[in-house]
Amino acid sequence: MGSVVQNDKNRAPVRVRGRSWTPLRRAKAGARARVAVALLAVTAVASGCAQSPGGAAHPAPGQQAPPAEALDSYAARLRAEQTARVAAAKRWHLAAVPLTAPAPPASKPEITARDGFEVEGQEEENLPPVFTTVPTRQKVVFLTIDDGEEKDPDFLRMMSELRIPYTAFLSDYLVNKDYGYFKKMQQRGVVLNNHTLHHPYLPGLSYAQQKHEICAMQDIIEKQYGKRPKLFRPPYGNYNQDTLRAAKTCGVKYAPIWDEEVFVDHWEYREWDRDLHPGDIVLTHFRGRKDWKGTMPDMVRRFLDHVTAKGYAVARLEDYL
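This is a predicted model, so every value here is computed, not measured. (Residues numbered from 1 in each chain as written. Predicted model: local features only at pLDDT ≥ 70, side-chain atom pairs only at ≥ 80, totals over all residues. Heavy atoms only, no water.)

(A) Here's a closer look at the side chain of H195. With respect to the helices and strands, the residue H195 is situated in the loop between β7 (191-194) and α6 (207-225). Reaching out from H195, the side chain makes a polar contact with the side chain of H199 at a distance of 3.1 Å. Side-chain polar atoms of H195 contact the backbone oxygen of R233, separated by 2.7 Å. Leave out the neighbours within four places in its chain, and H195 touches D146, D147, F169, L170, S171, M217, R233, P234 and P235. (Helix = DSSP H or I, 4+ residues; strand = E, 2+ residues; numbered from the N terminus. Polar contact = N/O pair within 3.5 Å; in protein donor to acceptor, adjacent residues only side chain to side chain. Contact = heavy atoms within 4.5 Å.)

Dropping the structure here:
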């Protein structure tokens, strides 16, 4: 059996150009003017938020314009959020305010296994697809973080203040020392996914052993965090047919891996052009000074400065699946 191995009133009428401008008309015109001003404010702030991190509210497509008072309030809220993002970017020493991700697509893209990353029976058995990039034309990338060794409170605060979405893939042998840390992460909107119990080289295990590593981790995440994950990432990006069969049996629908990996001091690329592409999945790890020449906030700074300079926003992977 083959293995795949990787290494956001009351006044007189006024005459205006021959028209009688009654108090009622004046009131209506005033309301229209406030709506127009508020809409302009919303547009201006929203445009400014295009230079800010993810999490800005997006009016639903086709939704009727709200009353002027509601628009005034909405514009004020957007201005406040933008001001907070600018302050957060400065506080965390970013080179620029991160871009806001566009609203996720109403129709989710079809996710299939990347060419050359399929296993025997991939389509026939409808096995979870292994992919490195989400099909999209939006200039977004997805940040994913593996294992759970480093539990840095500054990282949680930084990501929350900057409102940067990310996806976690956890291994129990590392997270079981502090399930509470990842609960705080989940409460901030992060989805916690499966990275096996012990982070083994899965192709070297039997089907039963692989199933235990994956399904038992599903059970732990459900017990600790209330929901069985739909996403699973094989350790090291290594897997075979048994891996995907076992993952499917455990309730997994997708097996995303990555197209780039970011460290504190450098990036690594899968593609020959050594560049970012729309929809790319970026990998990093829960690591600190013990393993890196810096902290997790240092890594996030390097990641955000690079993707922002390239014109990319960070989006939430699960919103596209």
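(B) Structural context of the state of the cysteines. Counted according to the given criterion, the structure contains 1 disulfide. With a sulfur-sulfur separation of 1.7 Å, C215 is cross-linked through a disulfide to C250. Here the S-S torsion is close to -85°, and the disulfide linking C215 with C250 is therefore left-handed. Taken as a pair, C215 in helix α6 and C250 in the loop between α7 (241-249) and β9 (255-256) lie far apart in primary sequence, 35 residues in all. Residues C215 and C250 agree in their burial class; the two are buried. (Disulfide = S-S within 2.5 Å. Buried < 20%, exposed > 50% of the residue type's maximum accessible area, 1.4 Å probe, protein only.)

(C) Inspection of the environment of G279 at higher detail. As for its position among the elements, G279 is in the loop between β11 (267-269) and β12 (281-285). Under the relative-accessibility criterion, G279 is labelled buried at 0%. When the C-alpha atoms of G279 and V134 are compared, they prove to be 4.6 Å apart, with 145 residues separating the residues in sequence. Ignoring any residue separated from it by four or fewer positions in sequence, one finds G279 in contact with T132, T133, V134, T136, Q138, V140 and F142.

(D) Examining the nonpolar core more closely. Counting 44 residues, the largest nonpolar core has F155, M185 and F303 as the members making the most contacts within it. Counting residues per element, the ones that place at least two in this core are α2 (68-91), β5 (140-147), α3 (153-162), β6 (167-170), α5 (179-187), α6 and α8 (296-309). If one sorts the elements of this core by residue count, α8 sits on top with 6 residues. Setting aside anything within four residues of it in sequence, one finds F303 in contact with V141, L143, V262, W267, V282 and V314. I111, F142, W258 and L283 belong to the second-largest nonpolar core, a separate cluster that totals 27 residues. (Core = buried A, V, L, I, M, F, W, Y, C linked by side-chain atoms within 4.5 Å.)

(E) Geometry of the packing of aromatic side chains. Counted by the stated rule, this structure contains 9 aromatic pairs. With a centroid separation of 6.2 Å and an interplanar angle of 85°, the aromatic rings of F131 and Y254 are classed as edge-to-face. Note that F131 is positioned in strand β4 (residues 130-131) and Y254 in the loop between α7 and β9, a separation of 123 residues in sequence. Members of the aromatic cluster, connected to one another through ring pairs, are F155, Y166, Y181, F182 and F286. The ring of Y312 has K139 sitting right over it, with the charged end atom 4.6 Å from the ring centre. The aromatic ring of F169 is capped on one face by R233, whose charged end is 4.4 Å from the ring centroid. (Phe/Tyr/Trp six-rings, centres within 6.5 Å; stacked < 30°, edge-to-face > 60°. Lys NZ or Arg CZ within 6 Å of the ring centre and 35° of its normal.)

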